[in-house]
Amino acid sequence: MATHADIDLETVAQLSNGSSGIATNALTGSPAVTGAVVLATCNRYEIYGEAPHPDDVEAARAALVAQISEASGLSEPLVSRSFSTRTGPEVTQHLFAVSAGLDSAVVGEREIAGQVRRALITAQHEGTASAGLVRLFQAASKTAKDVGAQTALGSRGLSIVSVALDLATDLSENPDWSSKKVVVFGTGAYAGATMALLRERGCTDISVFSSSGRAEGFVATRGGTALDDDSLNPAVAAADVMIGCSGSDTRVEADELAQVRANSPQPLIAIDLALTHDFDPAVGELDGVELLTLESVRLAAPQEQAESLAQASSIVNGAATAFEQEREARSVDSAIVALRRHTMNVLDAEMEKVRARHGCTAAAEEVEFALRRMVKQLLHVPTVRARELAANGQQDEYVAALEALYGITVEQPAARPSAQAECPVDHRGLESA
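Note that the coordinates shown come from a computational prediction; the quantities given were computed from them, not determined experimentally.

Peer 1: Can you break down the overall build of the chain residue by residue, with the values?
Peer 2: The helix and strand inventory of the chain stands at 17 helices and 10 strands. Taken over 433 residues, the chain has a buried fraction of 48%. Long-range contacts, defined here as pairs at least 24 residues apart, represent 75% of the contacts in the chain between residues at least 6 apart. Accessible surface computed for the chain: about 20,000 Å², of which carbon and sulfur atoms make up 51%.

Here it is, written out as structure tokens:
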């Protein structure tokens, strides 16, 4: 994974180019990847992958690195260095913390929970989410809800957008948002959140531009004025604030903005919340223009109270431990089924002998009923022990014992999640806008 905590946001942005096709291409291009979910946000780019076996993790990582290199245009060595890798329980712990807002630039922000949920929905729609990853992401979303309901973390409603607007207020000559003219670039979920917060602050003069032509549909449900190529420049010239939320291939260049605002009497605050930059960084050097970026937001984000963080961390740790215990217990299901099948096959063979000697008499049926009840009782303790051992990470010892004592070969499902294969690419290595 690549995040704001490990590398600069510019590198994260470069890595995330073409992220929409990474999961699908990795699954079709390498048998070492059996599932993948991509989590790309404003300051992180994380790929959660699943491999069929612990021995395939390195091959899965290499396949994902190759796909990212091809999509981003960056060399494989650079991509590989930019990502850190986590496996097994570390993956669960990290995703649960991310979903709860504990790993965000603005600690406690709630936007990330929705982004985690949408990442899974996208993967399911594209057919790249394995059963193990679906369970992992669903559990992460539940944990985020528990943190929100049981702690005061995030109760102030802070988010990357809200902190950015607070900074803009501090920089403004007039802090009254009801008098400001705002131009928003983008029509995605981030733009929607921005519109809602602007409304809360009393801003009513909001215009929206989309390079893909989706502004009309966006403002139809959220209010505001849709801009096109012809009306964009006059709106920017009259704006007090412009906010970039799109991350599109087209961006506002500094020289272009200087021409458009040549005769504008009022200062401009440009807020660039797109990881891939909606605004040329050089716009901050123009006279009368203040540029706020994701790095500005990260540095200005207030700290949550220690008590709230401790409570949230406790919930995350408990949920991650419970998830891993359940996953380990589930990993012995095949062994339990194999033991039961072996035992019942022995019973059926013996009952065939009874029927051959005595026929299908009431006595034979009574014997069969008694034997099946006895077998069920005999299997109870081995079944309970299997789940206990799995919870302690000793499922391999249980499987080895079945093979040694009974000659039972346990066949594992082809795409079974393993403690080492939950995430071949560490999600802490990639964070993007």
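What follows picks up the thread again.
Peer 1: So, the nonpolar core: which residues are in play, and what are the values?
Peer 2: With 35 residues, the main nonpolar core has Val184, Leu198, Ile243, Ile271 and Leu273 as its most contacted residues. Elements that contribute at least two residues to this core include exactly α8 (160–171), β4 (181–185), α9 (189–200), β5 (205–209), α10 (215–222), β7 (241–244), β8 (268–272) and α13 (294–300). Among the elements that line this core, the one with the most residues is α8, at seven residues. In terms of nonpolar packing, the next biggest core, distinct from the first, is built from 28 residues, Val107, Leu120, Ile315 and Val316 among them.

Peer 1: Residue-level account of a negative patch on the surface, with values.
Peer 2: A cluster of acidic residues, Glu216, Asp228, Asp229 and Asp230, forms a negative patch on the protein surface. In this structure, Asp230 sits in helix α11 (residues 229–238). Taking relative accessible area as the criterion, Asp230 reaches 68% and is therefore assigned exposed.

Peer 1: Quick rundown of the packing of aromatic side chains? Include the residues and the values.
Peer 2: Taken as a whole and judged by the stated rule, the model has five aromatic pairs. Seen from their ring centres, Tyr45 and Phe83 are 6.2 Å apart, and the 65 degrees between their planes marks the pair as edge-to-face. With Tyr45 in strand β3 (residues 43–50) and Phe83 in the loop between α4 (76–82) and α5 (89–99), this pair connects stretches of sequence that are 38 residues apart. One exposure class covers both Tyr45 and Phe83, and it is buried. Relative to Phe279, the ring of Phe185 lies with its centre 5.4 Å away and its plane at 80 degrees, an arrangement referred to as edge-to-face. Of this pair, Phe185 sits in strand β4 while Phe279 sits in the loop between β8 and β9 (289–293), and the two are 94 residues apart along the sequence. Phe279 carries the same exposure label as Phe185, and that label is buried. An aromatic cluster is defined as three or more aromatic residues linked by ring pairs; in this entry it consists of Phe185, Phe209 and Phe279. Here the basic side chain of Lys180 rests over the ring of Trp177, its NZ or CZ set 5.6 Å away from the ring centre.

Peer 1: Tell me about the side chain of Lys180, residues and numbers included.
Peer 2: For Lys180, the position within the fold is in the loop between α8 and β4. It turns out Lys180 is buried and unbridged, and the closest side chain with the opposite charge, Asp240, is 6.0 Å from it. Engagement of the side chain of Lys180 in a polar contact is seen with the backbone oxygen of Asn174, the distance being 2.6 Å. If we skip the residues at most four places from it in the chain, Lys180 touches Ser172, Asn174, Pro175, Cys203, Asp205, Asp240 and Val241.

Peer 1: I'd like a rundown of the packing of helix α2 (residues 22–29) against helix α3 (residues 57–72), residues and numbers included.
Peer 2: In contact at an axis separation of 9 Å, α2 and α3 are set at 130 degrees when each is read in the N-to-C sense. On the basis of their axis angle, the class for α2 and α3 is oblique. Between α2 and α3 the crossing geometry is right-handed. Within the contact between the two elements, α2 uses Ile22, Asn25 and Ala26 and α3 uses Leu64, Gln67, Ile68 and Ala71. For the contact of α2 with α3, a count of residues per class yields five nonpolar, two polar and no charged.

Peer 1: Lay out the sheet that holds β8 with the relevant residues and their values.
Peer 2: With parallel pairing, the six strands of this open sheet are ordered in space as β6-β5-β4-β7-β8-β9. Two strands bound the open sheet, and with one partner strand each, they are β6 (225–227) and β9. Pairs of neighbouring strands in the sheet enclose a mean axial angle of 20 degrees, with direction left out of account. Taken together, the four bridges between β7 and β8 define a ladder with parallel strand orientation. Its bridge partner being in β8, Met242 is matched across the sheet by Ala270. Packing against the sheet, α11 makes contact with β4, β5, β6 and β7, and its axis sits at approximately 135 degrees to β4.

Peer 1: Describe the pairing of β5, listing the residues and the values that go with them.
Peer 2: The buried fraction of β5 is high, at four of five residues. With five bridges joining them, β4 and β5 adopt parallel strand pairing. Bridge pairing in β5 places Val183 opposite Ser207. With α9 bridging β4 and the parallel β5, this β-α-β connection has right-handed handedness.

So, how was this worked out
Residues numbered from 1 in each chain as written. Predicted model: local features only at pLDDT ≥ 70, side-chain atom pairs only at ≥ 80, totals over all residues. Heavy atoms only, no water. Helix = DSSP H or I, 4+ residues; strand = E, 2+ residues; numbered from the N terminus. Buried < 20%, exposed > 50% of the residue type's maximum accessible area, 1.4 Å probe, protein only. Contact = heavy atoms within 4.5 Å. Areas by Shrake-Rupley, 256 points an atom, 1.4 Å probe, with all protein chains shown as cover. Core = buried A, V, L, I, M, F, W, Y, C linked by side-chain atoms within 4.5 Å. Patch = residues over 30% accessible without salt bridge, like charges linked within 9 Å, V, L, I, M, F, W, Y side chains within 5 Å. Salt bridge = Lys/Arg side-chain N within 4 Å of Asp/Glu carboxyl O. Lys, Arg positive; Asp, Glu negative; His and termini not counted. Charge placed at Lys NZ, Arg CZ, Asp CG, Glu CD. Phe/Tyr/Trp six-rings, centres within 6.5 Å; stacked < 30°, edge-to-face > 60°. Lys NZ or Arg CZ within 6 Å of the ring centre and 35° of its normal. Polar contact = N/O pair within 3.5 Å; in protein donor to acceptor, adjacent residues only side chain to side chain. Axes fitted to C-alpha atoms, helices over the stretch in contact; angles between N-to-C directions. Parallel < 35°, antiparallel > 145°, perpendicular 65-115°, else oblique. Left-handed = near helix turned anticlockwise from the far one by under 90°. Nonpolar A, V, L, I, M, F, W, Y, C, P; charged D, E, K, R; others polar. Pairing = 2+ DSSP bridges. Right-handed = clockwise from strand over helix to strand, strands pointing away.

What is shown is where atoms sit, not what they do.
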